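Topology and contacts: notes
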Amino acid sequence: LPPADHFAVPPGSRAEQRPPAATGGQPPPAAPATSPPPAPASPDATSLEVFTSFARTAVLPDGSERVDCAGILSRECYERWLTTRRVTPSHPEECFRKCLISKVTRSDGGTAPFPPAMEAALLQLLRRREVWECFRGRLDSVTGRPINIGKKGMRSQGFHERQRLREAAAPPPE
């Protein structure tokens, strides 16, 4: 067996930075009326951490929440996501698109999906037939042609959307 300190969390790692689980039955702190602005992404931040840092949640007067995901398709989010890549992709625009879509659809089976409310808000944006904000007026770094990512709209289902449809179609248990 390896020594006990072999399994210790290295200082400064993401695991060390995670808050400890709530204990003692204490209620969580009250949520702010709107979510705070995105914090600078560390170089080892995951794609999901970068994307969710650009989503805003507002608490409406009736107590319900409204999620605004427009920031995920912003140029600032794209550039911050790009800084978290260990190696700069040869086709960064296409990699951003593929990464975001795989988070929404969870098509590879191992990707952590967006929370359900965030996925629903993001699907509304992705299904619009318009070039994503982060790529409007930009040229492809490889071909020199205009980037048209988003122009056809997203046609596939989101992960949570697909689960809800399967549950609705499943026969009730006997």
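Conventions used here
Residues numbered from 1 in each chain as written. Predicted model: local features only at pLDDT ≥ 70, side-chain atom pairs only at ≥ 80, totals over all residues. Heavy atoms only, no water. Helix = DSSP H or I, 4+ residues; strand = E, 2+ residues; numbered from the N terminus. Buried < 20%, exposed > 50% of the residue type's maximum accessible area, 1.4 Å probe, protein only. Pairing = 2+ DSSP bridges. pLDDT = per-residue confidence, 0-100. Polar contact = N/O pair within 3.5 Å; in protein donor to acceptor, adjacent residues only side chain to side chain. Contact = heavy atoms within 4.5 Å.

**Topic: the environment of E76**
Note on placement: E76 falls in helix α3 (residues 75-83). Taking relative accessible area as the criterion, E76 reaches 45% and is therefore assigned partly exposed. C-alpha separation for the pair E76 and C134, spaced 58 residues apart in sequence, amounts to 7.7 Å.

**Comments concerning the pairing of strand β2 (residues 65-68)**
The pairing of strand β1 (residues 56-59) with β2 spans four bridges and is classified as antiparallel. Bridged to T57 within β2 is V67. Between β1 and β2, which follow one another and run antiparallel, lie five residues, and G63 among them has a positive phi close to 95°.

**Thoughts on the confidence of the model for the protein**
In the predicted model, the protein carries a mean pLDDT of 79, and 75% of its residues have values of at least 70. The weakest mean pLDDT in the protein belongs to helix α1 (residues 14-17) at 42; the strongest belongs to α3 at 95.

**A word on the side chain of E161**
If you trace the backbone, E161 turns up in helix α6 (residues 159-169). In terms of polar contacts, E161 uses its side chain to reach the side chain of R127, at 2.7 Å. Setting aside residues up to four positions removed in sequence, E161 forms contacts with E119, L123 and R127.

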